[in-house]
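Notes for the structure review
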Amino acid sequence: MNFIPYGHHTIDQGDIDEVVSALKSEWITAGPKVKNFEDELNAYIGSKYSVAVNSGTSALDIAIKSLNIPNKSEIITTPLTFVATSNAILYNNLTPIFADIDPKTKNINPEEVKKKITNKTKAIIGVDFAGHPCNIKELKEIADEYDLFFVEDACHALGAEYCGKKVGNLADMTIFSFHPVKNITTGEGGAVIARDPILYQKLLMLRNHGIDKDSLSRFGNEADYAYDMKCLGRNYRLTDFQSALGISQLKKLDTFIQKRHKIAKAYNDLLRDERSIECPYSAENVRHAWHIYTILVDKDINRDRLFAELRRKMIGVNVHYIPIYHFTYYKDLFKLDPICFPVTEDIYNRTLTLPLFPELNEEHVIYIVNTLKKVLKECKY
Ligand SMILES: *Cc1c(COP(=O)(O)O)cnc(C)c1O
């Protein structure tokens, strides 16, 4: 058995042909393919304003920057996420405030969010953990009541739905990532979906140095050289050949998600009777995007030993996530006591991510489940 990673991209000849064709075209960056990709994203999501950028992290950064929040203000988010969510808050001279999570969905708990609100709070960033949308209804109610922005880090959740609505239409801004482990890929890449046309214009400028005109509009015999720089932006542009890959990948997104659902269901069915683990929860009112499949082991199982044994047997299990306040940089900055986050700590100590990606076949799934069942018995404390 070759090593089975926890996540993997799916690239076919059609994807490769689209990238090659873009590379042979007049524009390899800042050209028409970027807008085409954004239009296709809008068509898929049912949104109006999408801005493609060079990573999910860049998307988070300009989304937060576009809100014009005064320095040292606070943004409430979950500690059980990838560091990028919280780092993007720091890039903008703002303070991340962590609120504990809900044990079922592993998403930020609205009750805990309320407890963390102060007069410095300006926004909430929810993360759709594993592809399960966060508790949008309650988070939006809180945001409305306290006049906060609500941003959804949906890097796990492209294609997910909440109460029949596609993720991307629910928050003030929604963030996606197209890193190879995510539901579609452009190599590196990301996008912000905005609901407000003014924020949209701002995001376009922030992606391109803060300049008010892009290269396409300054090209040709009738164009003027003049442009203005209106704010301090970045170069976060996505290339045309990456956008071509994105367009091609997006056509297959629903097939990818169906395959992910099938694998998640197979895990659920095959692991249902295994007493020492708990399968992931999915609420009735969501369409899960199944970015990752995370189980919880019982307290009498040594998770780290289980992890090591499964890795030895070529199964690329993982741990999502090490809570952010555990990292040296964050410890030095904030000195947060893990005791303040009992649910996050409990999940962190017991969680294990099983491999899940569209090309994982039935033979893999059976091997993973059988090995897991066998190894579990050897990993009791
Ligand atoms: C992947 C991810 C990001 C960062 O996306 P990149 O494209 O890798 O920069 C941010 N937040 C979450 C929750 C992610 O999973």
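Anyway, here's the lowdown on the structure attached to this text.

About the thresholds
Residues numbered from 1 in each chain as written. Predicted model: local features only at pLDDT ≥ 70, side-chain atom pairs only at ≥ 80, totals over all residues. Heavy atoms only, no water. Helix = DSSP H or I, 4+ residues; strand = E, 2+ residues; numbered from the N terminus. Rg over C-alpha atoms; globule rule 2.2 N^0.38 Å. Buried < 20%, exposed > 50% of the residue type's maximum accessible area, 1.4 Å probe, protein only. Core = buried A, V, L, I, M, F, W, Y, C linked by side-chain atoms within 4.5 Å. Contact = heavy atoms within 4.5 Å. Near = heavy atom within 4 Å. Polar contact = N/O pair within 3.5 Å; in protein donor to acceptor, adjacent residues only side chain to side chain. Areas by Shrake-Rupley, 256 points an atom, 1.4 Å probe, with all protein chains shown as cover. Nonpolar A, V, L, I, M, F, W, Y, C, P; charged D, E, K, R; others polar. Axes fitted to C-alpha atoms, helices over the stretch in contact; angles between N-to-C directions. Parallel < 35°, antiparallel > 145°, perpendicular 65-115°, else oblique. Left-handed = near helix turned anticlockwise from the far one by under 90°. Disulfide = S-S within 2.5 Å. Salt bridge = Lys/Arg side-chain N within 4 Å of Asp/Glu carboxyl O. Pairing = 2+ DSSP bridges.

**Comments concerning the overall build of the protein**
Counting its secondary structure elements, the protein contains 13 helices and 13 strands. A globule of 381 residues ought to have a C-alpha radius of gyration of about 21 Å, and the protein, at 21 Å, matches this closely. With respect to the principal axes defined by its C-alpha atoms, the protein has extents near 75 × 55 × 40 Å. Every one of the 381 residues in the protein was classed for burial, and the buried ones make up 55%.

**Comments concerning the nonpolar core**
If you look at the biggest cluster of nonpolar residues, it comprises 42 residues, and the most contacted ones within it are Phe 37 and Leu 158. Among the elements that line this core, the one with the most residues is helix 2 (residues 32-45), at five residues. If near-sequence neighbours (up to four positions away) are discounted, Leu 158 is found in contact with Leu 41, Ile 45, Phe 176, Phe 178, Asn 183, Ile 184, Leu 250, Leu 253, Ile 257 and Ala 289.

**Overview of unusual backbone geometry**
One can expect most non-glycine residues to show negative phi and most peptide bonds to be in trans. Going from His 320 to Tyr 321, the amide bond is cis rather than trans, its omega being 0°. Structurally, Tyr 321 can be placed in the loop between helix 10 (303-312) and helix 11 (328-334). The backbone of His 209 shows a phi angle near 65°, a positive value even though the residue is not glycine. Its place among the elements puts His 209 in the loop between helix 7 (197-207) and helix 8 (240-250). The class of His 209 is partly exposed, set by a relative accessible area of 33%.

**Some remarks on the site of the ligand**
The immediate surroundings of the ligand are formed by 16 residues, with Gly 56, Thr 57, His 156, Ser 177 and Lys 182 found nearest. One of the backbone nitrogen or oxygen atoms of Gly 56 is found 2.7 Å away from an oxygen atom of the ligand. Here Asp 153 contributes a side-chain N or O atom positioned 2.8 Å from a nitrogen atom of the ligand. If the ligand stood free it would expose 380 Å²; the protein chains cover 94% of that surface. With three residues, helix 3 (residues 56-66) is the largest single contributor of residues to the shell around the ligand. Here the shell around the ligand is built from residues that sort into six nonpolar, eight polar and two charged.

**Digging into the packing of helix 10 against helix 13 (residues 362-378)**
Following both chains from N to C, one finds helix 10 and helix 13 inclined at 135°, their axes separated by 10 Å at the closest point. Taken as axis vectors, helix 10 and helix 13 run oblique relative to one another. The way helix 10 lies across helix 13 gives a crossing that is right-handed. Side by side, helix 10 and helix 13 meet where Arg 305, Leu 306, Glu 309 and Leu 310 of the first sit next to Thr 371, Leu 372, Val 375, Leu 376 and Glu 378 of the second. A breakdown of the residues in the contact of helix 10 with helix 13 according to their chemical character gives five nonpolar, one polar and three charged.

**With respect to the state of the cysteines**
Covalently bonding the sulfur atom of one cysteine to the sulfur atom of another cysteine gives a disulfide. Within this structure, the stated rule accounts for zero disulfides. The thiol sulfur of Cys 379 is not disulfide-bonded, and the nearest other cysteine sulfur, from Cys 279, lies at 17 Å.

**Remarks on the pattern of salt bridges**
Scanning the entire structure with this criterion turns up 17 salt bridges. In this structure, Arg 207 engages Glu 38 in a salt bridge whose closest nitrogen and oxygen atoms are separated by 2.8 Å. Taken together, the positions of Arg 207 in helix 7 and Glu 38 in helix 2 put the pair 169 residues apart, joining distant regions of the chain. Neither Arg 207 nor Glu 38 differs from the other in exposure class; each is buried. When the shortest N-O distance is used, the salt bridge between Asp 269 and Arg 272 registers 3.0 Å. If you follow the salt bridges from partner to partner, you end up with Asp 12, Asp 15 and Lys 252 in one network.

**Focus: the sheet that holds strand 11 (residues 286-287)**
In sheet architecture, strand pairing relies on hydrogen bonds along the backbone and comes in two forms, parallel and antiparallel. Ordered by their spatial adjacency, three strands build an open sheet running 7-6-11, and the pairing between neighbours is antiparallel. Two strands close off the open sheet at either side, each with one partner strand: strand 7 (165-166) and strand 11. When strand 6 (residues 161-162) meets strand 11, the two strands line up antiparallel, connected through two bridges. Paired with Glu 161 across the strands is Arg 287, a residue of strand 11.

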